[in-house]
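As a plain string of letters, each chain reads:
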Amino acid sequence: MTRAEQGNETAVVEFIILGFQSNPEVQFMLFLMFLVTYITTLAGNLLIMVLVVTDHHLHSPMFFFLGNLSFLETCYTSTILPRMLSSFLTNKYVISLNGCFLQYFFFTGLAGAECCLLTAMSYDRYIAICKPLHYTTIMNGRCCLQLAGVSWVNGLLASAVVTSLMPQLTFCGPNEIDHFFCDFAPVVKLSCSDIHWIELVTFILASLLTLPPFLLTIISYMCISYTVLRIPSSTGRHKAFSTCSSHLIVVTLFYGTLMVVYLVPKPNTLGDLHKVFSVCYTVVTPLVNPLIYSLRNNNIKKALR
């Protein structure tokens, strides 16, 4: 492994991503599973993007945001799975420092953008159900572009700040990342520098990027629930709930797995289980999102037919 001398210390210039090497007997099965998952994820999300662009019945704010979400999910899963699949085939688990930081930048930026985009989608549902007479006025093309643009910029900007600080760390000890991609905690804990300052900056930015969108999403659905429950007919209530049920399921999956991975304490004995939960929000969520929307949305099903 190539290393560079720095005084009396040896600076690590490459990382070894351990991934799922602790279970060599299931490597081929994991390769097939992740390959099928990746192909299905790409096909499902690309199909939704094509439908949203080509079918004039889907030219509405809700499907504009859905197209953005599908594009985001395609990029999101592509930051991790191709390298993982390549490692399974070649048995090469080495990644350069710059490659690791670049993967972390895109992964974190897209995850942050998804938090904001899901909030924009919940705001769209709030206006559609709680203020239907003003929907076309409020959710015009300019507003949709601004909400989508702010979502992308916020996520990538916050990620750029943290990623720009990571090269300032010195890595001179172990170089094995006990994960299947370059996440923040497994990487910085290998540093022999003082990491308290970068942990503080990351905590502040992560809180600003996830907590307000999460609370706004919760408030939106509280208002939606209050409005729907006041509808006198059961048919009307069912129809109103059905317009936002798919989005609510996606929000629950995304934030639920995110909380399990980053908020629940992770003893060393649960290392492999932690990786499984990480797979849920990095791999499974992008896979099931197009399925949820296509199976539960009548307009998508009509466009498919």
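Up top is the structure these notes are about.
Remember, predicted model here, so these are calculated numbers, not experimental data.

Looking now at the overall build of the protein chain. Secondary structure summary: the protein chain contains 11 helices and five strands in total. Its C-alpha radius of gyration of 21 Å places the protein chain within 12% of the 19 Å reference for a compact globule of 305 residues. If you line up the protein chain on its principal axes, its C-alpha atoms span 75 × 40 × 35 Å. Out of the 305 residues in the protein chain, the part that is buried amounts to 46%. Accessible area for the protein chain stands at about 15600 Å²; split by element, carbon and sulfur atoms hold 68% of it. Averaging the locations of the 16 positively and 14 negatively charged side chains of the protein chain gives two centres separated by 21 Å.

The next thing to look at is the pattern of salt bridges. Opposite charge on two side chains lets them pair, provided their charged atoms get close. Tallied over the full model, the rule gives one salt bridge. Arg125 is the salt-bridge partner of Asp124, the closest N and O atoms lying 2.9 Å from each other.

Here Asn91, not a glycine, exhibits a phi torsion of approximately 60 degrees, which is positive. Secondary-structure assignment places Asn91 in the loop between α3 (81-90) and β4 (94-96).

So, on to the state of the cysteines. Per the counting criterion, the structure on display carries two disulfides. The side chain of Cys100 participates in a disulfide bridge whose partner is Cys182; the two sulfur atoms lie 2.1 Å from each other. In this structure the cystine formed by Cys100 and Cys182 twists about its S-S bond by roughly -125 degrees; its chirality is therefore left-handed. A residue pair is termed long-range when its members are at least 10 positions apart, and Cys100 in helix α4 (residues 97-130) and Cys182 in the loop between β5 (176-177) and α7 (184-188) qualify at 82 residues. On the accessibility criterion, Cys182 (1% relative accessible area) is buried. There is a disulfide in this structure between Cys172 and Cys192, and the S-S distance comes to 1.9 Å. Residue Cys172 is found in the loop between α6 (141-165) and β5, and its partner Cys192 is found in the loop between α7 and α8 (196-229); the two are separated by 20 residues along the sequence. Numbered by position along the chain, the disulfide-linked cysteines of the protein chain connect as 1-3, 2-4.

Next up on the list: the pairing of strand β3 (residues 14-17). Residues Phe15 and Ile17 of β3 are buried on one face, while the alternating residues Glu14 and Ile16, pointing to the opposite face, are not. The sheet contact formed by β3 and β4 spans three bridges and is antiparallel. Following the sheet pairing, Phe15 is matched in β4 by Ile95.

The next thing to look at is α3. Residues of α3 that are buried: Leu81, Met84, Leu85, Ser87 and Phe88. Buried residues along α3 cover an arc of 155 degrees about the axis, so they all sit on one side.

With respect to the helices and strands, Thr257 occurs in helix α9 (residues 234-262). Separated by 2.8 Å, the side chain of Thr257 and the backbone oxygen of Leu253 make a polar contact. Beyond its immediate chain neighbours, meaning those up to four positions away, Thr257 contacts Cys280, Tyr281 and Thr285.

So, about the sheet that holds β3. Taken together, the three strands give an open sheet; going across it, the order is β4-β3-β5, and neighbouring strands pair in mixed fashion. Both outer strands of the open sheet, β4 and β5, are each paired with one neighbouring strand and no more. Contacting β3, β4 and β5, α4 crosses the sheet at an angle of about 85 degrees to β4.

This part takes up α6. Between its first and last C-alpha, α6 extends 37 Å over 25 residues, near the 36 Å set by a 1.5 Å rise per residue. Of the residues making up α6, those classed as buried are Cys143, Cys144, Ala148, Ser151, Trp152, Gly155, Ala158, Ser159, Val162, Thr163 and Leu165. The elements touched by buried residues of α6 are α2 (61-78), α4, α5 (135-138), α7 and α8. Where α6 begins, one side-chain oxygen reaches toward the backbone nitrogen of Arg142, 3.2 Å away; that side chain belongs to Asn140.

Turning our eyes to something else, we now look at the nonpolar core. If you look at the biggest cluster of nonpolar residues, it comprises 59 residues, and the most contacted ones within it are Phe34 and Phe65. At 12 residues, α4 tops the list of elements feeding residues into this core. Val12, Leu169, Ile195 and Ile198 belong to the second-largest nonpolar core, a separate cluster that totals 21 residues.

Let us now look at the packing of aromatic side chains. In this structure the tally under the stated criterion is 14 aromatic pairs. With 5.5 Å between their ring centres and 65 degrees between their planes, Phe64 and Phe65 make a pair best called edge-to-face. Phe64 gets classed as partly exposed once you look at its relative accessible area, which sits at 27%. A relative accessible area of 1% places Phe65 in the buried class. Judged by centre distance (5.4 Å) and plane angle (80 degrees), the ring pair of Phe254 and Tyr255 falls under edge-to-face.

By the secondary structure assignment, Tyr126 is in helix α4. Ignoring sequence-local partners within four residues, the contact set of Tyr126 consists of Lys131, Ser220, Cys223 and Ile224.

Reading the values: the criteria
Residues numbered from 1 in each chain as written. Predicted model: local features only at pLDDT ≥ 70, side-chain atom pairs only at ≥ 80, totals over all residues. Heavy atoms only, no water. Helix = DSSP H or I, 4+ residues; strand = E, 2+ residues; numbered from the N terminus. Rg over C-alpha atoms; globule rule 2.2 N^0.38 Å. Buried < 20%, exposed > 50% of the residue type's maximum accessible area, 1.4 Å probe, protein only. Areas by Shrake-Rupley, 256 points an atom, 1.4 Å probe, with all protein chains shown as cover. Lys, Arg positive; Asp, Glu negative; His and termini not counted. Charge placed at Lys NZ, Arg CZ, Asp CG, Glu CD. Salt bridge = Lys/Arg side-chain N within 4 Å of Asp/Glu carboxyl O. Disulfide = S-S within 2.5 Å. Pairing = 2+ DSSP bridges. Arc of directions from axis to C-beta. Polar contact = N/O pair within 3.5 Å; in protein donor to acceptor, adjacent residues only side chain to side chain. Contact = heavy atoms within 4.5 Å. Axes fitted to C-alpha atoms, helices over the stretch in contact; angles between N-to-C directions. Expected span 1.5 Å × (residues − 1). Core = buried A, V, L, I, M, F, W, Y, C linked by side-chain atoms within 4.5 Å. Phe/Tyr/Trp six-rings, centres within 6.5 Å; stacked < 30°, edge-to-face > 60°.

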